[in-house]
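# Architecture at a glance
Listed below are the residues making up each chain.
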Amino acid sequence: MVDIEKIEQKLMELEDFFNKVLNNKCDINISSFGAGAEYGLKSVENMRSAFEKYKRVPQNKLLKQIHGSFTAINRGVEGFNDRKLDIEFNKVLNDVYQIIKNLEQNIKWR
């Protein structure tokens, strides 16, 4: 069974992180060696939409979309040039691999 609470918690953490980075109130270097925070936030927004639909009517295709968004963030954003920001990003990503594996076990791949 998909761990809905864990996914929802991770969505909030990722959204908060990317919003904080994009608001950049501390004037830190937010450049990245991947797709960047804008891409990450867009992926979170797409995932949130699929997740809300999944909570109403669970469908395999929605699990695939959620899985794809987590994978996109994990592989696409990669990291940040500012060391402290990169460490914080890695802490936020900490459970993403387990969530991806949980999704893979519950998706019907045909």
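Above: the structure in question.
Residues numbered from 1 in each chain as written. Predicted model: local features only at pLDDT ≥ 70, side-chain atom pairs only at ≥ 80, totals over all residues. Heavy atoms only, no water.

Turning our eyes to something else, we now look at the overall build of the protein. Across its full length, the protein holds five helices and zero strands. Written out in order from the N terminus, the α and β elements of the protein read α-α-α-α-α. Here the C-alpha radius of gyration of the protein, 14 Å, is about what a compact globule of 110 residues would show, namely 13 Å. If you line up the protein on its principal axes, its C-alpha atoms span 45 × 20 × 20 Å. Contacts in the protein between residues at least 24 apart in sequence constitute 77% of all its contacts with a sequence separation of at least 6. With an accessible surface of roughly 6,800 Å², the protein has 47% of that area assigned to carbon and sulfur atoms. (Helix = DSSP H or I, 4+ residues; strand = E, 2+ residues; numbered from the N terminus. Rg over C-alpha atoms; globule rule 2.2 N^0.38 Å. Contact = heavy atoms within 4.5 Å. Areas by Shrake-Rupley, 256 points an atom, 1.4 Å probe, with all protein chains shown as cover.)

A few words now on helix 5 (residues 96-106). Residues separated by three or four positions in an α-helix point in the same direction, a consequence of the helix having 3.6 residues per turn. Where helix 5 is concerned, the buried positions are V96, I99, I100 and L103. Along the long axis of helix 5, the arc covered by the buried residues comes to 100°, so they all point the same way. Facing away from the buried side of helix 5 by more than 90 degrees, the exposed set consists of Y97 and Q105. Residues of helix 5 that are buried sit in contact with helix 1 (4-23), helix 3 (60-77) and helix 4 (83-92). (Buried < 20%, exposed > 50% of the residue type's maximum accessible area, 1.4 Å probe, protein only. Arc of directions from axis to C-beta.)

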